[in-house]
Amino acid sequence: MITALDHIAIAVPDLEKAIERFMTDFGLSFDGTEDVTSAKTKTAFFSLPPTHIELVHPLNGEGPIAKYLEKRPGGIHHLCFQTDDIDSDVARLQAKGYEFLSDGPMPGAHDARVIFIHPKSCDGVLIELSQPSESVS
Ligand code: CO
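Residues numbered from 1 in each chain as written. Predicted model: local features only at pLDDT ≥ 70, side-chain atom pairs only at ≥ 80, totals over all residues. Heavy atoms only, no water.

## Description of the nonpolar core
Inference 1: In terms of nonpolar packing, the biggest core is built from eleven residues, these being Ile10, Val12, Leu15, Ala18, Ile19, Phe22, Leu28, Ala44, Phe46, Ile53 and Leu55.
Inference 2: At the level of secondary structure, the elements contributing two or more residues to this core comprise α1 (15-25), β3 (41-48) and β4 (51-58).
Inference 3: Of the residues forming this core, the biggest block, four residues, is contributed by α1.
Inference 4: Each residue touching alanine 44, except ones within four places of it in the same chain, is listed here: Leu15, Ile19, Phe30, Gly32, Thr33, Ile53, Glu54 and Leu55.
Inference 5: If you look at the next biggest cluster of nonpolar residues, it comprises nine residues, including Ile86, Val90, Ile127 and Leu129. (Core = buried A, V, L, I, M, F, W, Y, C linked by side-chain atoms within 4.5 Å. Buried < 20%, exposed > 50% of the residue type's maximum accessible area, 1.4 Å probe, protein only. Helix = DSSP H or I, 4+ residues; strand = E, 2+ residues; numbered from the N terminus. Contact = heavy atoms within 4.5 Å.)

## Re the packing of aromatic side chains
Inference 1: According to the stated counting rule, one finds three aromatic pairs in the structure shown.
Inference 2: Plain terms: the ring middles of phenylalanine 22 and phenylalanine 46 are 5.6 Å apart, the flat faces sit at 35 degrees to each other, and that makes the pair tilted. You can see phenylalanine 22 sitting in helix α1 and its partner phenylalanine 46 sitting in strand β3, a full 24 residues away along the chain. Here phenylalanine 22 and phenylalanine 46 have matching classes, each one buried.
Inference 3: Here the aromatic rings of phenylalanine 30 and phenylalanine 46 are separated by 5.2 Å at their centres, their planes lie at 35 degrees, and the arrangement is tilted. On the criterion of sequence distance, the pair formed by phenylalanine 30 in strand β2 (residues 29-36) and phenylalanine 46 in strand β3 is long-range, its members being 16 residues apart. (Phe/Tyr/Trp six-rings, centres within 6.5 Å; stacked < 30°, edge-to-face > 60°.)

## What about the layout of surface pockets?
Where empty space is left becomes clear once a probe the size of a water molecule has been rolled over the atoms.
Inference 1: The calculated volume of the largest pocket comes to roughly 1,000 Å³.
Inference 2: Forming the walls of the largest pocket are 43 residues, and the residues nearest its centre are Glu54, His78, Val114, Phe116 and Glu128.
Inference 3: Residues that form the lining of the largest pocket fall into these classes: 20 nonpolar, 16 polar and seven charged.
Inference 4: Taken domain by domain, the lining of the largest pocket gets at least three of its residues from each of domain 1 (8-73) and domain 2 (83-137). (1 Å grid on protein atoms, 1.4 Å probe; cavity = no way out; pocket = protein on both sides within 12 Å on 5 of 7 lines; lining within 4 Å. Points joined across faces, edges and corners; volume = space filled by probe spheres on them. Nonpolar A, V, L, I, M, F, W, Y, C, P; charged D, E, K, R; others polar. Domains from an automatic or database assignment.)

## Re the sheet that holds strand β1 (residues 2-11)
Inference 1: Read across the open sheet, the eight strands follow the order β2-β3-β4-β1-β5-β8-β7-β6; overall the sheet is mixed. Each edge of the sheet is formed by a strand with only one pairing partner; in this case those strands are β2 and β6 (106-107).
Inference 2: Here β1 runs beside strand β5 (residues 75-83); their pairing, made up of eight bridges, is antiparallel. Its bridge partner being in β5, alanine 9 is matched across the sheet by histidine 78. (Pairing = 2+ DSSP bridges.)

Laid out in structure tokens, this is it:
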């Protein structure tokens, strides 16, 4: 079941500059950066209760965010819904005809299990489903 808006992700061409903006100009609480090697993405998270902002940037200059930034200067990249049972949500949505970007959930930031719904299944919006790891609540 989808239970919360986990985060909104913004693709940024200059991660340090964007971190500075969200921390200093907007005054958000910076939770740190994390490299998600499975997604070739460097992330930076900010708490904005009850949700978060995630900045996403290409890891080592390649991957899906690099491709995104080739076409645009930056922008809103995806929404992430938190779920308490990602496997049953994927099965339920697949049965309704939704397509996903991977065959099953993959490791995401904070050791969560994540999967992306194909934007063509959601009117052009990329939506991530994320089930937090048991050890982190
Ligand atoms: Co995300």
